[in-house]
Number of protein chains: 2
Amino acid sequence: MEAQQTPEKPDLDPFFMPRRIALVGASADYRKLGNSILMNLLASEVEVYPVTRNRDRVLGVKAYPNLAAIPKPVDLVIVAIAARHCPNLMKEIRRAGARHAVVISGGFSETGEEGARLEAKLVNAAREAGVRLIGPNCVGVSNSRLFNGTFTMMPEPGNIGLVSQSGALGGMLIYTTKAKRIGMSKFASVGNAADIGIVDIVDYFREDPKTSVITIYIEGVKNGRRLFESLRMASEKKPVVVLKGGRSDAGGRATQSHTGSLAGSTRVFDGMIKQAGCATAPTLDTLFEIAKLFDYQPSPRGRNIGIISNTGGAGVLAADAASDFGLNVPRIDENTRKALRQILSPLASVDNPVDVVASGGRREYRVTVELMLADPNVDMLMVICAVPTFAGMTQTEHAAGTLEAIRAAETDKPVVGVWLAGDVGKPGKDLLEMNRIPCYDDPYVAALCMSRVAEYAERHNRSEQ
Amino acid sequence: MEAQQTPEKPDLDPFFMPRRIALVGASADYRKLGNSILMNLLASEVEVYPVTRNRDRVLGVKAYPNLAAIPKPVDLVIVAIAARHCPNLMKEIRRAGARHAVVISGGFSETGEEGARLEAKLVNAAREAGVRLIGPNCVGVSNSRLFNGTFTMMPEPGNIGLVSQSGALGGMLIYTTKAKRIGMSKFASVGNAADIGIVDIVDYFREDPKTSVITIYIEGVKNGRRLFESLRMASEKKPVVVLKGGRSDAGGRATQSHTGSLAGSTRVFDGMIKQAGCATAPTLDTLFEIAKLFDYQPSPRGRNIGIISNTGGAGVLAADAASDFGLNVPRIDENTRKALRQILSPLASVDNPVDVVASGGRREYRVTVELMLADPNVDMLMVICAVPTFAGMTQTEHAAGTLEAIRAAETDKPVVGVWLAGDVGKPGKDLLEMNRIPCYDDPYVAALCMSRVAEYAERHNRSEQ
């Protein structure tokens with residue numbers, strides 16, 4: 001539930017850059033969230049003050065019986081106690097010097113009418129005390145360079161901001177991106193969004209110099225107009241990628257019991273997101289695949305895609321997918337074709353998609369990538385490799401050749417890899433990704449991502465004119 | 001190029017179940033394909049006769065200067081020598097006792113007019129000698145329980161047959177399925193399909209008791225009518241999943257230089273595949289994800305899908321995806337809801353999608369899966385888990401609870417898992433997959449696969465009536 005009316009433009013710095021944090025509900029019991037959160041906070045670059053009535057020390061750290069007992073003023077209070085005790089805590093929080101609280105506790109509007117009344121009580125108590133709230137019913141907040149105020153993993157440090165209406169999906173996206181070594185700047189799970197909502201976080205990420213791409217998982221909000229304005233303003237400044245849950249009737253029904261929000265009609269919502277200049281992610285998996293491309297690579301000047309492969313079949317599938325997503329697969333320049341003909345195997349195909357055939361190794365990838373990047377008909381490049389298992393070819397040479405060419409070309413055209421073949425392809429894929437060349441498992445996903453950056457670039461150039 | 005007219009219904013057993021294989025072009029040079037193929041053959045359960053003029057022994061094995069020098073009749077000859085020498089070899093092959101040859105060598109119709117003339121010469125020589133050909137310009141043939149007659153990896157043993165018009169994509173699919181531990185029965189790369197084509201292999205897989213699902217990568221064929229009949233007959237007997245390359249103009253252009261075949265019009269082709277009762281795979285990655293579900297799980301009786309999750313957001317996305325793919329997400333039975341209400345957390349949502357919430361562990365998964373499988377409104381089940389990282393929950397307990405329930409229910413309803421969260425989810429995912437519960441990374445892919453098996457089941461039941 002978004003706040004009906006927000007009293008003032010909130011200052012969110014204490015949520016994302018606190019120096020001193022109190023945890024109310026710190027616990028020595030490994031089954032409690034207050035235990036996981038404390039462990040995460042103790043591993044962070046912040047001063048931590050555990051609050052609990054049960055013990056003098058928790059996890060080896062001095063504990064305080066209440067907020068008033070903490071000797072220094074705190075910037076942020078994280079709350080993980082039973083829902084019914086939360087409203088009365090708000091005054092104490094303000095007295096302890098904080099104006100910002102993250103309420104992890106569940107048991108509010110997501111559980112029905114009684115919970116909704118408790119949530120209203122919480123919001124009123126916070127307003128009276130002058131405390132801004134993230135949550136309740138959320139996973140928490142983290143800043144990958146500073147602290148982890150959640151009960152889930154710390155994200156890999158990086159440039160992508162994530163705000164999620166679903167806490168668990170947010171946590172899951174952290175796990176997945178960590179496994180893929182995609183870095184996040186800041187993460188916020190807004191839960192029931194009783195006060196601070198997605199819009200506030202997007203506004204904050206827009207101005208955050210450490211966030212270069214904004215990702216959003218959203219089910220629905222009360223104030224669609226405000227969301228539209230926030231997305232429009234953000235996407236003018238940096239790319240915004242949105243995954244919408246609750247598009248179908250069945251999905252929409254489920255969101256009501258999940259975050260208590262009404263999912264908007266699909267078409268209206270999707271149209272709104274696009275009109276606001278944001279990219280849409282069709283699935284969970286593609287949200288960060290798209291964001292990664294925005295983060296790692298420059299914008300393309302147009303929709304013309306060059307495709308290189310060492311197997312005709314993958315080139316064919318890539319051309320199909322590019323066409324499906326509205327990209328052009330142009331013929332390449334006569335001079336490029338001639339140069340490729342001289343260098344590649346007589347069995348190679350030197351039109352776009354270029355097929356360097358299975359014998360093409362490091363040298364062929366280097367020369368072909370360099371020639372394609374120099375071709376005036378090519379705005380962006382997809383380099384595909386079905387990694388061979390011959391003794392005569394190493395598993396990383398195609399990736400090395402591709403990297404050499406990109407470095408030598410000093411290009412401003414975006415390049416992505418599609419490294420086929422499970423474990424066999426992993427070393428080459430890792431080499432590319434560590435050098436910020438996004439590398440995908442399927443040409444379909446690569447084409448989808450490239451279409452999103454091309455659309456964003458077009459819109460962006462248009463608004464500059 | 002498919003054969004214009006096939007002289008007789010071919011006996012393909014010697015291609016897939018040979019006892020004695022000769023390799024013409026066996027090589028000690030690790031850069032040659034004849035070296036990789038020989039290594040693969042030597043690791044197989046067959047007698048191998050390397051043929052080369054250069055040496056007495058290759059890789060420690062006695063070599064023969066020509067086919068005539070081999071002391072026993074061979075069942076199959078694999079050819080990896082320069083294209084121009086291939087036509088003259090056909091008579092020798094027949095004289096050595098074989099009627100079947102796999103021509104790996106490239107340099108035929110895929111290279112232009114001159115190559116096409118050489119290919120015609122090869123086909124004529126084979127016909128005159130009474131030799132049936134797979135290839136040329138192919139990766140080879142393998143039977144995962146017997147031998148690897150390719151220069152790529154041996155597939156994991158299993159029940160899925162693969163025939164590919166692209167050799168490298170076929171090899172790449174082997175790598176990928178191996179990494180995912182999906183098993184194949186037999187693999188054939190048909191290359192230019194100068195004699196034996198996709199249709200012949202599909203007909204063979206249809207009658208092969210070791211193949212329970214057929215997968216196909218196809219760009220185009222000359223005789224569409226024959227393909228249709230072959231697909232129709234095969235899909236009546238077992239599921240057939242088809243990935244079509246060259247649907248777009250750019251992709252279609254690329255197939256010409258790739259396998260020399262003309263890609264058919266998309267709509268005509270897709271419509272034809274569906275009319276023949278086959279499932280279509282939209283992307284490379286989904287070809288075996290769909291086949292895996294066909295292979296591992298029973299057919300559903302209808303389109304009603306039950307969804308279980310420990311995070312509302314994922315349930316919402318799963319319901320959306322199920323609706324996108326034409327599945328129903330029904331309300332579940334009143335009795336099921338009551339029973340779930342008694343057992344699950346008060347915070348849980350007990351309508352479909354069921355949300356057991358984050359506190360739901362082994363017990364909650366076991367009880368919920370069992371109740372949902374017993375519900376008359378549920379034809380198939382998607383079990384989702386955002387794997388937590390609390391100390392209080394182990395990473396595999398949700399998977400264990402799910403498995404216990406499936407075993408206890410002795411159900412004939414198909415179940416799939418969606419184990420979210422990268423590396424963190426892997427142990428649970430592995431546990432499910434090793435027990436033949438297909439497990440996906442994204443509810444979108446899971447819903448796609450379930451829609452394909454539901455469509456196949458509907459069609460199959462209909463034709464039984």
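Cut-off values and rules
- Residues numbered from 1 in each chain as written.
- Chains lettered and ligands numbered in written order.
- Predicted model: local features only at pLDDT ≥ 70, side-chain atom pairs only at ≥ 80, totals over all residues.
- Heavy atoms only, no water.
- Pairing = 2+ DSSP bridges.
- Helix = DSSP H or I, 4+ residues; strand = E, 2+ residues; numbered from the N terminus.
- Axes fitted to C-alpha atoms, helices over the stretch in contact; angles between N-to-C directions.
- Contact = heavy atoms within 4.5 Å.
- Least-squares fit on C-alpha atoms with pLDDT ≥ 70 in both.
- Salt bridge = Lys/Arg side-chain N within 4 Å of Asp/Glu carboxyl O.
- pLDDT = per-residue confidence, 0-100.
- Buried < 20%, exposed > 50% of the residue type's maximum accessible area, 1.4 Å probe, protein only.
- Lys, Arg positive; Asp, Glu negative; His and termini not counted.
- Polar contact = N/O pair within 3.5 Å; in protein donor to acceptor, adjacent residues only side chain to side chain.
- Buried area = accessible area lost by both parts, 1.4 Å probe.
- Core = buried A, V, L, I, M, F, W, Y, C linked by side-chain atoms within 4.5 Å.

Caption draft 1: Broad picture of the sheet that holds strand β5 (residues 76-79) of chain B. Residue and element names in this part refer to chain B. Here five strands make up an open sheet; going across it, the order is β2-β1-β5-β6-β7 and the pairing parallel. Sheet topology places β2 (47-51) and β7 (132-134) at the edges, where each strand pairs with a single neighbour. Direction aside, neighbouring strands of the sheet carry axes that sit 20° apart on average. As paired strands, strand β1 (residues 20-24) and β5 are joined by four bridges and run parallel to one another. Paired with I21 across the bridge in β5 is L76. Of the strands in this sheet, β1, β2 and β5 touch helix α2 (residues 33-42), which is tilted by about 165° from β1.

Caption draft 2: Examining the relation of the copies chain A and chain B more closely. Overlay of chain A on chain B (RMSD 0.0 Å): rotation 180°, translation along the axis 0.0 Å. Both copies of the chain, as the preceding transformation shows, are related through a two-fold rotation axis.

Caption draft 3: How the structure looks around the pattern of salt bridges. Taken as a whole and judged by the stated rule, the model has 56 salt bridges over all chains. A:R436 serves as the salt-bridge partner of A:D295, at 3.3 Å between the closest nitrogen and oxygen. Here A:D295 is found in helix α10 (residues 284-296), whereas its partner A:R436 is found in the loop between α15 (422-434) and β19 (439-440), with 141 residues between them in sequence. Among the ionic pairs, B:K426 bridges to B:D430, the shortest N-O distance being 2.9 Å. On the criterion of helical spacing, the pair formed by B:K426 and B:D430 is a turn pair, its members being four residues apart in helix α15 (residues 422-434).

Caption draft 4: Fine view of the sheet that holds strand β16 (residues 354-355) of chain B. Residues and elements named next belong to chain B. Across the sheet, which stays open at both edges, the five strands sit in the order β16-β15-β17-β18-β19 with parallel pairing between neighbours. Among the strands making up the open sheet, the edge pair consists of β16 and β19 (439-440). Pairing of strand β15 (residues 305-309) with β16 involves two bridges; the strand directions are parallel. Along β16, the bridge assignment pairs S309 with D355. In the packing of helix α13 (residues 362-374) onto the sheet, the strands contacted are β15, β16, β17 (380-386) and β18 (415-420), and the crossing angle to β17 comes to about 160°. The sheet contacts of helix α14 (residues 397-409) involve β17 and β18, and relative to β18 the element is tilted by about 175°.

Caption draft 5: Main features of the confidence of the model for chain A. All names here are of chain A. Predicted confidence across chain A gives a mean pLDDT of 91, with 94% of residues reaching 70 or more. Low pLDDT, under 50, characterises residues 1-6; the predicted model gives this stretch 22 contacts beyond four residues in sequence or across chains. With pTM at 0.87, the complex prediction returns an ipTM value of 0.81.

Caption draft 6: Looking closely at the side chain of A:D442. Here A:D442 lies in the loop between β19 and α16 (443-464). Of the side chains bearing the opposite charge, B:K180 lies closest to the buried A:D442, which forms no salt bridge; the N-O distance is 8.2 Å. Within polar-contact distance, the side chain of A:D442 engages the backbone nitrogen of B:D285 at 2.8 Å. Once residues lying within four places of it in the same chain are set aside, the contact partners of A:D442 are A:V418, B:T283, B:L284 and B:D285.

Caption draft 7: View of the interface of chain A and chain B. On the side of chain B, 70 residues touch chain A, which itself brings 70 residues to the contact. At the boundary of chain A with chain B, total buried surface from both sides reaches about 4900 Å², with 64% on carbon and sulfur atoms. At the junction of chain A with chain B, the criterion picks out zero salt bridges. Across the contact surface, chain A and chain B share eight residue pairs in polar contact (both at pLDDT 80 or more). Put simply, the parts of the chain that give the side of chain A that touches chain B at least two residues each are α2 (33-42), α5 (167-179), β13 (240-244), α8 (249-259), α10, α11 (312-324), α15 and α16 of chain A. Examining the composition of the side of chain A that touches chain B, we find that nine residues originate from one element, α11(A), more than from any other.

Caption draft 8: Just the nonpolar core, in detail. One finds A:I201, A:I216, A:M382, B:I201, B:I216 and B:M382 to be the most contacted residues of the largest nonpolar core, which totals 266 residues. Excluding residues within four positions of it along the chain, A:M382 makes contact with A:I305, A:G306, A:I307, A:I308, A:A318, A:V416, A:V418, A:P443, A:A446, A:A447 and A:M450.

Caption draft 9: Seen up close, the pairing of β17(B). All names here are of chain B. Counting buried positions along β17 yields seven of seven residues, so the element is predominantly enclosed. Residues of β17 alternate between two faces, with M380, M382, I384 and A386 on one and L381, V383 and C385 on the opposite face, all of them buried. The sheet contact formed by β15 and β17 spans four bridges and is parallel. Bridge pairing links I307 to M382 in β17.

Caption draft 10: Spotlight on the side chain of B:E110. When you line up the elements, B:E110 lands in the loop between β6 (100-103) and α4 (113-129). It is A:R341 that comes nearest to the buried, bridge-free B:E110 among opposite-charge side chains, at 12 Å.

Caption draft 11: Fine view of unusual backbone geometry. Residue A:P136 follows A:G135 across a cis peptide bond; omega there is -5°. You can see A:P136 is positioned in the loop between β7 (132-134) and β8 (140-143). The step from B:N352 to B:P353 runs through a cis peptide bond, and the omega angle for that step is 0°. Along the chain, the position of B:P353 falls in the loop between α12 (334-343) and β16. Unusually for a residue other than glycine, A:R181 sits at a positive phi of about 55°. Among the structural elements, A:R181 can be located in the loop between α5 and β11 (184-189). One non-glycine residue, B:E410, lies in the positive phi region at around 45°. Mapping B:E410 onto the fold places it in the loop between α14 and β18.

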